[in-house]
Amino acid sequence: MIQTRTTLLWVLLTVVFSVNAQNFKFGKVSEQELKETFNPNDSTAAATVLYRSKNIRFDYTKGIGFKVITDVFERIKIYNKAGFDYATISQTLYKDDSDVESISGLKAYTYNLVNGKVEKSKMEKSAVFTTELSKYRNEGKFTLPNIKEGSVIEYQYKITSPFFYSVDEIVLQYDIPIKRQEISFATPEYFNFKPFIKGYLTVAPKYSLKSGSINLTGSIRSTPGGVAATTTKYINQNIDYKINSTDYNMSDVPALKEEPFVNDMNNYRSAVKYELQYIKFPEQMQENYTTTWEDVIKNIYKSSDFGGQLASNKYFDEDLVVLKKSTSSSIDLMAAIFFHVQNRMTWNNIYGYSVDKGVKRAYKERSGNIADINLMLTAMLQEAGLNAKPVLVSTRGHGIPLFPTMEGFNYVIASVEIDGEMILLDATNKYTSPNLLPTRALNWFGKKIEKDGSSVSINLLPSQFSLENVQMNVKLDENGEVKGKFRSTGHYYNAYLFRNKYGSSNEDDYLEKLENRNNGIEISNYLIKNKKGNGKPVQESYEFVLDKQADVVGDKIYFSPLFHLVEAENPFKLEERKYPIDLMFPKRDKYLVIISIPDDYEVISKPADMNIGMMDNMGTFQYKILSSGRQLQLMLDLKLNQAVIGAEHYSSLKEFFKNVVEKQTEKVVLSKITTNGTSDSTGKSR
């Protein structure tokens, strides 16, 4: 009997505790939350969302109509300094002419446990900033005060949006764990939205039907004529309607963990996107909105800020006449127009497939956003008589456009078809060339738009190898020091990446970083060719000295024939992989290393040759080392034939690189020659 009562009491206490644990009222931060030192489900997390609610609803305002209201409330625990960044919150606010999204009712506090008491710090208004990001976007940002290791922060605010036809993607997963979240999306029956759910989490929405009403008030004046006074009749009418509500209540949501070689982790973040299909008010015609990619692209193309810009050509006529006179073929004319626009224009770091300034003004001012420059380029190519079309793109940072939405794309490039070959062009980067797009645009596929507004998908991923060709001559001495000459030639995207990273850098600063990156190598007689020569390979050469490149043990010398160039770690360390491996472009690394060994030593062991490949010809690796007298010659050739490798091939890729790394780290063994002309012993590489 006593045991039964004890069990019952324990159950009741558990229920009470559970109820209290779910009582996340703003301003009621518990001592238990402040004392928590790590997330029990993820001890590596720098911070955790203790509670999060987001309620999206439609409110009716007389004379205006429906607006979208979003109520946000979040409480976050910060465990250590790495979590301090989560005390700065940003919110994108969209705008279009006089229609602007706004934030109101902002309250934010930081809580710390000081001498056993809860200390509360209020965020001041001076910590809130609004920045204009572009013609169509502002950013609201605020930072909470008095952040320490162990702090708990919370904030709440309301977003009012006039854009009832476009609801932001609802994120269900952060880069840190979420202990509890309650998300609701409620729409009047007049608005038909279709949800698209993405990500790897199990999402189980709950649906319910609620009721709402609109109160319409107004007045009607009547003048009967004659001497009778004007009368006013007041009307008051309630219209009842249904509200479709969807709730996403989730507990212990794991963090989205960063993985290497991913185009953008947001592509795999669990979220739900609501796309408006149509609006149907009582006794009115149904108004259809975007439902297919065809509809999306036709709407974009007919916009004056997109398709309308291609019709304008007077502003560049004189320059085009000069360019046409200086060329004799279509391919030369295309290149001349491309480099003219590239050299003339400067990108203002604003994305978008809609123009910011408009092509005419941008051309005059020599700067503009992505659309200003690349629609201008497309218009010039078309006016020159070339078969040029604009191509809609979603950048790597914007994600893959999985569903047909107006926000699916955020970028535009140009395409030209000459003699059956498709050439892709982007003049917004100073180091691109025909068929070499900025890496930000290498995101699976784009939509090429025809003049009738129809479109066709085209592959944006490069098929050409980006080759890194390295030649090195090395002289090894008996103390393990090496002296040598190095030359590397970077082709295609290797050259592009080098120019973007180091094209404007000071040579002394660059060499200092290069020396530090290569184990303190001492570099002299450095030369570089084509540092800014678009489309040409970048070639570097120098002489070098490097200590301790071999282990000298008694009369033996052990060393890797790649010396400081060796790749000692497998870049693929995870046990399993959920996401595709995105390499951006096919790669090829070729090494030729010629090594002169000390006069009184000979080779007694060297790594065996290797020739391996991955399934479906996704990659190959060849390693061959020859020995002749006082000289060794290493030839290495690593190919990765695909820009993107599916997650189902991850184990094969990981094993492939395991073999590559092991082979690169294997040692050559030298032994000192004795007075009778032989080495003391022979053996295999350790």
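Keep in mind the model is a prediction, meaning the values are calculated, not measured. (Residues numbered from 1 in each chain as written. Predicted model: local features only at pLDDT ≥ 70, side-chain atom pairs only at ≥ 80, totals over all residues. Heavy atoms only, no water.)

Participant: Looking at this structure, how should I read the overall build of the chain?
Facilitator: If you tally the helices and strands in the chain, you get eleven helices and 37 strands. Projected onto its principal axes, the C-alpha coordinates of the chain cover approximately 135 × 95 × 45 Å. Evaluated residue by residue, the chain yields a buried proportion of 47% over its 686 residues. Put simply, of all contacts in the chain between residues at least 6 apart along the chain, 71% involve residues at least 24 apart. Surface summary for the chain: the accessible area is close to 35300 Å², and the carbon and sulfur share equals 49%. (Helix = DSSP H or I, 4+ residues; strand = E, 2+ residues; numbered from the N terminus. Buried < 20%, exposed > 50% of the residue type's maximum accessible area, 1.4 Å probe, protein only. Contact = heavy atoms within 4.5 Å. Areas by Shrake-Rupley, 256 points an atom, 1.4 Å probe, with all protein chains shown as cover.)

Participant: Teacher, can you tell me more about the sheet that holds strand β34 (residues 619-628) here?
Facilitator: Backbone hydrogen bonds are what pair the strands of a sheet, in a parallel or an antiparallel way. Read from one edge of the open sheet, eight strands run β26-β27-β25-β24-β31-β35-β34-β33, paired in mixed fashion. Of all the strands in the sheet, the pair left with one neighbour each is β26 (522-529) and β33 (610-613). Mean inter-strand twist for the sheet, computed between neighbouring axes without regard to direction, equals 10°. Examined bridge by bridge, β34 and strand β35 (residues 631-640) share ten bridges and lie antiparallel to one another. Looking at β35, one finds that Tyr623 is bridged to Leu636. (Pairing = 2+ DSSP bridges. Axes fitted to C-alpha atoms, helices over the stretch in contact; angles between N-to-C directions.)

Participant: Looking at this model, I keep getting lost on unusual backbone geometry. Mind explaining?
Facilitator: Trans is the prevailing form of peptide bonds, just as negative phi is the prevailing case for residues other than glycine. The phi dihedral of Asn146 falls on the positive side, at around 55°, and the residue is not glycine. Inspection of the secondary structure puts Asn146 in the loop between β8 (137-143) and β9 (152-161). Overall, the relative accessible area of 33% leaves Asn146 in the partly exposed class. Unlike most non-glycine residues, Met584 shows phi in positive territory, near 75°. Tracing the backbone shows Met584 in the loop between β30 (581-582) and β31 (587-596).

Participant: What's the story with the packing of aromatic side chains in this structure? I'm lost.
Facilitator: How two aromatic rings sit relative to each other is given by the distance of their centres and the angle of their planes. Summed over the entire model, instances satisfying the criterion amount to 49 aromatic pairs. For the pair Tyr190 and Phe281, a centre-to-centre distance of 5.0 Å together with 40° between the ring planes defines the contact as tilted. On the criterion of sequence distance, the pair formed by Tyr190 in the loop between β11 (178-188) and β12 (191-198) and Phe281 in the loop between β15 (271-279) and β16 (287-288) is long-range, its members being 91 residues apart. Tyr190 gets classed as buried once you look at its relative accessible area, which sits at 5%. Taking relative accessible area as the criterion, Phe281 reaches 25% and is therefore assigned partly exposed. Considering the side-chain rings of Phe572 and Tyr650, the 6.2 Å spacing of their centres and the 80° angle between planes classify their relative orientation as edge-to-face. With Phe572 in the loop between β29 (556-559) and β30 and Tyr650 in helix α11 (residues 650-665), the pair connects residues that are 78 residues apart, well separated along the chain. (Phe/Tyr/Trp six-rings, centres within 6.5 Å; stacked < 30°, edge-to-face > 60°.)

Participant: Hey, could you run me through the side chain of Gln91 in this one?
Facilitator: By secondary structure assignment, the location of Gln91 is in strand β3 (residues 88-96). Of the residues examined, Gln91 reaches a relative accessible area of 15% and is grouped as buried. A polar contact of 3.0 Å, which involves the side chain of Gln91, links it to the side chain of Tyr157. (Polar contact = N/O pair within 3.5 Å; in protein donor to acceptor, adjacent residues only side chain to side chain.)

Participant: Where do I start with a positive patch on the surface in this structure?
Facilitator: Residues Lys25, Lys28, Lys107, Lys120, Lys122 and Lys125 make up a contiguous surface patch of positive charge. Here Lys25 lies in the loop between α1 (2-21) and α2 (31-35). (Patch = residues over 30% accessible without salt bridge, like charges linked within 9 Å, V, L, I, M, F, W, Y side chains within 5 Å. Salt bridge = Lys/Arg side-chain N within 4 Å of Asp/Glu carboxyl O. Lys, Arg positive; Asp, Glu negative; His and termini not counted. Charge placed at Lys NZ, Arg CZ, Asp CG, Glu CD.)

Participant: For this particular structure, what's the right way to read the packing of helix α5 (residues 317-325) against helix α6 (residues 330-344)?
Facilitator: For any two helices packed against each other, one specifies the crossing angle of their axes together with the interaxial distance. Two numbers describe how α5 lies on α6: the axes approach to 9 Å, and their chain directions differ by 135°. Relative to α6, α5 is oriented oblique. The way α5 lies across α6 gives a crossing that is right-handed. Along its contact with α5, which presents Asp319, Leu320, Leu323 and Lys324, the element α6 presents Leu333, Ala336, Ile337, His340 and Arg344. In terms of residue class, the contact of α5 with α6 is built from five nonpolar, one polar and three charged. (Parallel < 35°, antiparallel > 145°, perpendicular 65-115°, else oblique. Left-handed = near helix turned anticlockwise from the far one by under 90°. Nonpolar A, V, L, I, M, F, W, Y, C, P; charged D, E, K, R; others polar.)

Participant: How should the sheet that holds β29 be read in this particular structure?
Facilitator: The strand order across the open sheet formed by four strands is β28-β29-β37-β32, and the pairing between neighbours is antiparallel. Whereas interior strands pair on both sides, the edge strands pair on one side only; in this sheet they are β28 (551-553) and β32 (601-605). Across the sheet, the axes of successive neighbouring strands diverge by a mean angle of 30°, strand direction being ignored. Pairing analysis gives four bridges linking β29 to strand β37 (residues 668-672), with the strands arranged antiparallel. Across the sheet, the residue bridging to Lys556 is Ser671, located in β37.

Participant: I keep staring at the confidence of the model for the chain and nothing clicks. Help me out?
Facilitator: Detailed reading of the predicted model is not advised wherever pLDDT is low. Averaged over the chain, the pLDDT score is 89; the fraction of residues at 70 or greater is 92%. Confidence drops under a pLDDT of 50 for residues 1-21, and excluding neighbours within four residues, the segment shows one contact in the predicted structure. Within the model, pLDDT remains below 50 along residues 681-686, and this stretch shows 15 contacts once partners closer than five positions in the same chain are excluded. (pLDDT = per-residue confidence, 0-100.)

Participant: Mind showing me how you'd approach the pattern of salt bridges here?
Facilitator: Any two side chains of opposite charge can pair if their charged atoms end up close together. Tallied over the entire structure, the rule returns 29 salt bridges. Its salt-bridge partner being Lys95, residue Glu132 comes within 2.9 Å of it at the nearest N-O pair. Of this pair, Glu132 sits in strand β7 (residues 128-132) while Lys95 sits in strand β3; the two residues are 37 residues apart in sequence, bridging distant segments of the chain. Classification of Glu132 by relative accessible area gives exposed; the value is 57%.

Participant: Just checking my understanding: could you explain the side chain of Ser151 for this structure?
Facilitator: Its place among the elements puts Ser151 in the loop between β8 and β9. A distance of 2.8 Å separates the side chain of Ser151 from the backbone nitrogen of Lys148, its partner in a polar contact. When near neighbours in sequence (up to four residues on either side) are disregarded, Ser151 contacts Ile76, Lys77, Ile78, Thr110, Tyr111, Asn112 and Asn146.

Participant: Could you clarify how one ought to interpret the packing of α6 against helix α8 (residues 370-383) in this entry?
Facilitator: Two elements in contact, α6 and α8, have axes separated by 10 Å at closest approach and are oriented at 150°. In terms of orientation, α6 and α8 fall into the roughly antiparallel class. For the element pair α6 and α8, the recorded crossing hand is right-handed. Facing α6, whose interface residues are Met334, Ile337, Phe338, His340 and Val341, α8 presents Ile373, Met376, Leu377, Met380 and Leu381. Along the lines of polarity and charge, the residues of the contact of α6 with α8 split into nine nonpolar, one polar and no charged.

Participant: Hey, could you run me through the environment of Glu31 in this one?
Facilitator: With respect to the helices and strands, the residue Glu31 is situated in helix α2. Accessibility expressed as a relative area gives 37% for Glu31, which makes it partly exposed. Along the primary structure Glu31 and Lys117 are separated by 86 residues, whereas in three dimensions their C-alpha atoms are 8.3 Å apart. Not counting the four nearest positions on each side in its chain, Glu31 is found in contact with Leu113 and Gly116.

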